[in-house]
Structures are given as structure tokens and as C-alpha cells.
Amino acid sequence: MRIGISTGCLYPELTEKSLKLLSDGGFGLFEIFFNTFSELEPDYLDRLAACCENAQIISLHPFTSVFESYLLFSGYERRFHDGLRMYDMYFRTAQRLGADFVVLHGMQTSFSSISTQEYCRRFVMLSEEAEKFGVTFLQENVYRHMAGDIGFIRQMKELSGGHAAFALDTKQARRCGFDPCELAYEMGSGLKHVHISDCSGDDHCLLPGKGDFDFRRFFDVLGDIGYSGDAVIEVYGKKAEDIPLLLEAKEYLEKILAMK
């Protein structure tokens, strides 16, 4: 398992600057958090790729996550089909950058305008579209979203068949009241990507090594389920001057992995 980082850690720094700062600072594996439409245009992507030629981009996070309830999972099905075409932008971008995954937040619990069966039907359609570009569409567990609940993840596995694929975010699991290890077991072979952070008390989003989360146990569980992917550090509100701390967190996790 390799340890990477999300460019979102340095938000609201410009995406390309975040990527270059983190790459120059010692990171080589990335999730790109896109922040606006112009960042999906070909000329921008060429500039982004040139920012750090040695960087590997593993996953993309859409800035339209906040609209997904309305865009993809409302009762107005025509909007879903327009949204499906819109998400082609992300799938094409992932293909252009060599990324394996695009991450979905999905429907908020306060929205809940369609059935779980319909949700999964649409998820499968999005997944099939992503596959045309050699990309895997991942459902992330997110606080105040339907997929934040372990029971919903279980239903997705049953109703989405071979398309059920997941990104596990440890802080989001804790916010939803679930043990990330329990959630990893439930996702099983469908788990393809991990967002990782530390915690202490009510603070669910600390840099790895700054809290009391049992990473050894968590990595053991990932081994138990045969996880073969990577883990991306995703914390909020960091700045360029914090890059040494981010790198320290990466090295902390790598030391734990080296002892396995």
C-alpha cells in the first residue's frame, strides 16, 4: 500500500499550485480535488499535467459533489440523464490524467427523493459510463448522506451487483458513528480506495500521528479483506507552510506499514 495525499488538503490554494507544492514537498501519489469547471478544460489539464511530471494521479474528486442530490438523484429523471452526460467530463479527465477512480458523495439524507433501488440503478448507469473511459466510479461513505450508513452500503452491494465499488473515508465513518474497520469489512472486495486521517475525542480530522486512531488495526483489517489499493491523506485547512507536517504524517503511516 502506498500513501498519497489530496490536493484538497491545501484548499483554497489553486489546484495546480497545490499539486506542485505537494509534489515538490515529497509526495508522489495524489487525489486531485477539482474546484471549478475551467479546471476540466483541455488546456488547463495540459498545464496541470506539466506541473509535476513525476506525480501519479490515482483519483479525482468532483467539486459538484454538493449538487449530486439534485443533479443525479432527484425525482426528475431527465436531469439525471443530463447529469450523466455532465459527469462524462470527470471520466474523460480521469482518463486524460491516468486516474483510476472518480469519487461520488451521492444523495443527502435530507433529500431522499428516490428509492434505494432507483439510486442503485442510477449508480450502475454512472459506473457503466465511467467504464467506457477505463475508470471506476466509487461510492464514498459521507456524513449526512445515504451512503454514510453501513446498512445502505450493504444494500448497494446487493442491488448494484458487480458495479458496487467504494471509497472509505475514515473521518466520515467516525462522524457517522461507525468504526472504520467495521465499514471496511462490510465493503469487502468492493473497497478500492481509502481516505485516511487521525482522530482524538470529538476531533475526527487530524493528521495521521496526531491522534489516537489505531492505524495498525485498520491496516490489518485491510489486509484481511485483501485490499490492494492505496491510502490518501485527506485533512482540511492546511497551508503551504504545513507541507513538512503533511510529509511527517505520510512517513508516520509508512513506518507502520513497514512493520507489517
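Remember, predicted model here, so these are calculated numbers, not experimental data. Positions within a chain are numbered from 1, following the residues in the order the chain's sequence is written. Only residues with pLDDT of at least 70 are given local features in this predicted model, and only at 80 or more are side-chain atom pairs given and counted; all residues enter the totals for whole chains, interfaces and linings. The side-chain values count all of the structure's non-hydrogen atoms but skip hydrogen atoms and water molecules.

Engineer: What is the right way to look at the overall build of the chain in this model?
Structural biologist: The helix and strand tally for the chain stands at 10 helices and 10 strands. Here the globule rule is a power law, 2.2 Å times the number of residues to the power 0.38, and the radius of gyration is based on C-alpha atoms. Computed over the C-alpha atoms, the radius of gyration of the chain is 17 Å, within 12% of the 18 Å expected from 2.2 N^0.38 for a compact globule of 260 residues. Exposure is judged per residue with a 1.4 Å probe applied to protein chains only, and the accessible area is read against the type maximum: over 50% gives exposed, under 20% gives buried, and values in between give partly exposed. When the 260 residues of the chain are sorted by exposure, 56% land in the buried category. Here the contacts in the chain between residues at least 6 apart in sequence split such that 76% fall between residues at least 24 apart. Here Asp and Glu are counted as negative and Lys and Arg as positive; His is not counted, and neither are the chain ends. A single reference atom marks each charge: NZ on Lys, CZ on Arg, CG on Asp, CD on Glu. Mean positive and mean negative side-chain charge positions of the chain (27 and 39 charges, respectively) differ by 1 Å. Secondary structure elements follow DSSP: runs of H or I no shorter than four residues count as helices, runs of E no shorter than two count as strands, and numbering proceeds from the N terminus. The contact criterion used throughout is that any non-hydrogen atoms of two residues lie within 4.5 Å.

Engineer: Which parts of the structure should I look at to understand the sheet that holds strand 1 (residues 3–6)?
Structural biologist: The strands making up a sheet associate through hydrogen bonds between their backbones, and the pairing can be parallel or antiparallel. The strand order around the closed barrel formed by eight strands is 1-2-3-4-5-6-7-10, and the pairing between neighbours is parallel. Averaged over all adjacent pairs, the angle separating strand axes in this sheet is 30°, with direction ignored. Here the rule is simple: two strands pair whenever DSSP picks up at least two bridges between them. The pairing of strand 3 (residues 56–61) with strand 4 (residues 101–104) spans two bridges and is parallel. Looking across to strand 4, one finds that Ser-59 is bridged to Phe-101. The convention used is that axes are lines fitted to C-alpha atoms, helices contributing only their stretch in contact, and that angles between N-to-C directions extend from 0 to 180 degrees.

Engineer: So what exactly am I meant to see when it comes to the side chain of Glu-129 here?
Structural biologist: Along the polypeptide, Glu-129 turns up in helix 5 (residues 116–131). Contact partners of Glu-129, with chain neighbours within four places excluded, come to Leu-84, Asp-88 and Phe-91.

Engineer: Please explain the packing of helix 2 (residues 42–51) against helix 4 (residues 77–97) as it appears in this structure.
Structural biologist: In a pair of packed helices, the angle between the axes and the distance between the axes together describe the arrangement. Relative orientation of the contacting elements helix 2 and helix 4 amounts to 35°, with a least axis distance of 11 Å. Along this stretch, helix 2 crosses helix 4, giving a crossing that reads as right-handed. Side by side, helix 2 and helix 4 meet where Leu-45, Asp-46, Leu-48 and Ala-49 of the first sit next to Thr-93, Arg-96 and Leu-97 of the second. A per-class count over the contact of helix 2 with helix 4 returns four nonpolar, one polar and two charged. Two helices that cross are described as forming a left-handed crossing if the nearer one is turned anticlockwise from the farther one by less than a right angle, and a right-handed crossing if clockwise. Amino acid classes used here: Ala, Val, Leu, Ile, Met, Phe, Trp, Tyr, Cys and Pro are nonpolar; Asp, Glu, Lys and Arg are charged; the rest, including Gly, are polar.

Engineer: What's the story with helix 10 (residues 243–258) in this structure? I'm lost.
Structural biologist: Residues spaced three or four apart along an α-helix face the same direction, because each turn holds 3.6 residues. Here a helix's expected span is defined as the number of its residues, less one, multiplied by 1.5 Å. Given a rise of 1.5 Å per residue, 16 residues ought to cover 22 Å, and the 22 Å separating the end C-alpha atoms of helix 10 matches this to within 8%. Within helix 10, the full set of buried residues consists of Ile-243, Leu-246, Leu-247, Ala-249, Lys-250, Leu-253, Ile-256 and Leu-257. Buried residues in helix 10 make contact with strand 1, helix 1 (15–24), strand 7 (191–196), helix 9 (215–224) and strand 10 (231–233).

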